[in-house]
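Structure assessment
Spelled out from the first residue to the last, the chains are:
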Amino acid sequence: MSFLTALINGISLGSVYAIIALGYTMVYGIAKMLNFAHGDVIMVGGYLCFCTVQYLGLPTLAGVILAVVGCTALGIVVEGLAYKPLRQAPSLAVLITAIGVSYFLQNSALLIWGADPKAFPSAVSFPSVKLFDGQLIINSITIVTVLAAVLVMVALTLFTSRTKMGKAMRACSEDKGAAQLMGINVDRTISMVFAIGSGLAAIAGVLLCSAYPTLTPTTGSMPGIKAFTAAVFGGIGSIPGAALGGVLLGIIEIMAKTYISTQLSDAIVFGVLIIVLLIKPAGLLGKLVPEKV
Amino acid sequence: MSMLEVNDLHVYYGSIHAVKGVSFTVDKGEIVTLIGANGAGKSTTLNTIAGILPARRGSVEFQGEGILGVPAHKMVRKGIALCPEGRRVFTQMTVEENLQMGGYTRTDAENADTVEDVYGHFPRLRERAYQVAGTLSGGEQQMLAMGRALMGRPDLIMLDEPSMGLAPILVDEIFSIIKSLNDNGTTVLLVEQNASMALSIADRAYVLETGRIVKEGSGSDLLRDDDVRRAYLGG
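What comes next is a walk through the structure. (Residues numbered from 1 in each chain as written. Chains lettered and ligands numbered in written order. Predicted model: local features only at pLDDT ≥ 70, side-chain atom pairs only at ≥ 80, totals over all residues. Heavy atoms only, no water.)

**Some details on the side chain of E140(B)**
Mapping E140(B) onto the fold places it in helix α6 (residues 138-150). With sequence-adjacent residues up to four places away left out, E140(B) is seen in contact with R124(B), L125(B) and R128(B). (Helix = DSSP H or I, 4+ residues; strand = E, 2+ residues; numbered from the N terminus. Contact = heavy atoms within 4.5 Å.)

**Digging into the sheet that holds strand β8 (residues 187-192) of chain B**
Residue and element names in this part refer to chain B. In spatial order, the strands read β6-β7-β8-β3-β9-β10; together these 6 strands make up an open sheet with mixed pairing. What marks the edges here is a single partner per strand, and that holds for β6 (80-83) and β10 (212-218). For this sheet the average axis-to-axis angle between neighbouring strands, irrespective of direction, equals 15°. Sheet topology note: the strand β3 (residues 31-36)/β8 ladder contains 5 bridges and is parallel. By the bridge assignment for β8, I35 is matched with E192. Most of the contacts of helix α1 (residues 42-49) go to β8, to which it runs at about 145°, and overall it touches β3, β6, β7 (156-160), β8 and β9 (204-209). Sheet strands touched by helix α7 (residues 168-183): β3, β7 and β8. Its angle to β8, the strand with the most contacts, is close to 155°. (Pairing = 2+ DSSP bridges. Axes fitted to C-alpha atoms, helices over the stretch in contact; angles between N-to-C directions.)

**Looking at a nonpolar patch on the surface**
Residue and element names in this part refer to chain A. Taken together, the side chains of F3, L4, V129, L131, F132, Y259, I260 and L264 present a nonpolar region at the surface, about 740 Å² in accessible area. When contributions to the nonpolar patch are tallied by element, the ones reaching two or more residues are α1 (2-31), β2 (129-131) and α10 (239-260). Of note, F132 is situated in the loop between β2 and β3 (136-138). The exposure class assigned to F132 is partly exposed, which follows from its relative accessible area of 48%. (Patch = residues over 30% accessible without salt bridge, like charges linked within 9 Å, V, L, I, M, F, W, Y side chains within 5 Å. Areas by Shrake-Rupley, 256 points an atom, 1.4 Å probe, with all protein chains shown as cover. Salt bridge = Lys/Arg side-chain N within 4 Å of Asp/Glu carboxyl O. Buried < 20%, exposed > 50% of the residue type's maximum accessible area, 1.4 Å probe, protein only.)

**Observations concerning the packing of aromatic side chains**
On inspection of all chains with the given rule, the structure shows 6 aromatic pairs over all chains. Pairing F36(A) with F228(A) gives two aromatic rings, centres 5.3 Å apart and planes at 70°, and the pair type is edge-to-face. Here F36(A), found in the loop between α1 and α2 (38-54), pairs with F228(A), found in helix α9 (residues 221-234); they are 192 residues apart in sequence, far enough to count as distant. Note on F228(A): relative accessible area 17%, which makes it buried. A centroid spacing of 5.4 Å and a plane angle of 55° characterise the contact between F24(B) and Y206(B), whose relative ring orientation is tilted. With F24(B) in strand β2 (residues 16-26) and Y206(B) in strand β9, this residue pair connects regions lying 182 residues apart in the sequence. Accessibility classification places F24(B) together with Y206(B) in one group, the buried group. When the ring centre of Y12(B) is taken as origin, the NZ or CZ atom of R56(B), which lies over that ring, is 3.8 Å away. Over the face of the ring belonging to F90(B) we find R148(B), whose NZ or CZ atom lies 4.9 Å from the ring centre. (Phe/Tyr/Trp six-rings, centres within 6.5 Å; stacked < 30°, edge-to-face > 60°. Lys NZ or Arg CZ within 6 Å of the ring centre and 35° of its normal.)

Structure representation (structure tokens):
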């Protein structure tokens, strides 16, 4: 039964990684940049939800909505102020800027909310599910997390494959020059992707803080790095890859914690990443450009 | 008044003076071609008109309106489409999705009609509607790139090297399609290295050499011109 418990916890943690990884991978796909500040948007999302519930006394759902709206706006502002002026700059400049934004967000949070960990109120209130005479307990937050990830995945897939906006996003990811000839405003499309990615990060932030209910200004760092790993693991730029990579990474991490060693679990996770990249350098679902026939 | 009037256009790549005072006009309903060797400034001229490259000096007027400085993504709405060199189709999207992107600025209802017109010109695209564009042959990709440009219902279509890398039989097919597009009322500005093909369908032509126009005339006149024959038509 402990295996099943570990598996379920792994899928749940992996679902959070997947939602974060989707943001990384979409931004990478279109802007060809690694947004290292993405993890810190998670933290901001967590604090926004926390404040809404704690100080404004509103229900958790209002906190989630406010976090999503706030982070979406934050994503657009950060992109416009920090990244847009660097559109033609070498990628190293953009990368360093992203790291700068990351520190800026962390230290702003430190100023506003202080270094003391905040106890995050649980986002879901319905009871856990008990199976097999109480031998297997599935937390309500676990169920909500997995459902949220599935929902996000389905919504994103439909958005990119069915809507004009979503297709324009794919067109920009492939060839910005050709996309602008179609009449697509490439700058605005990139902003939109940042907005979506940051909104997703907010959802991930609330879920993460509900499962691990302590909130500090660096809460987002480690999950951010793990999710980035998950995006690379699955094949960066690929949306299904990010989902698969996230879930696998979560399972590997929890399995390693359960059966091998808590201290070594991160080392094992990154070890697996190295092995996968040695065998498949483009990641598990790395994009294969179709051959001409 | 001409549909497109380019006047004393100067374009630089960094410190390289690529287009040095080019002036020409395209009238409504015409096929006009710019021919010349590699590096003569043909593509640079098209890309500048399309808003991709900035001009240092000069003016470009389209239907009486100055369009220099208008960003590339606003050109489709003004009625100008550029079918770029190397086709640049979206290889990971289907043929149908590529065409939909071409009609990005228009409504779905308008696109539904236009798509039928495009399939009329390029029946092969209809057969491959749900195929990923990366799996098309070079000729089919060229057709897709042209069809995609037509989806915006442009008044002027600019074609950059449509025959590049295609087998001779496909080159014939592409050029006869260009002719029929023109017969249906689309004005064409064509850039080509295949000078004999371009001149044979063009109403008027301009010869570019190292960023300057050195000769102009009707397509048939230039086809018989000794200098042009020697330089571009292989004797």
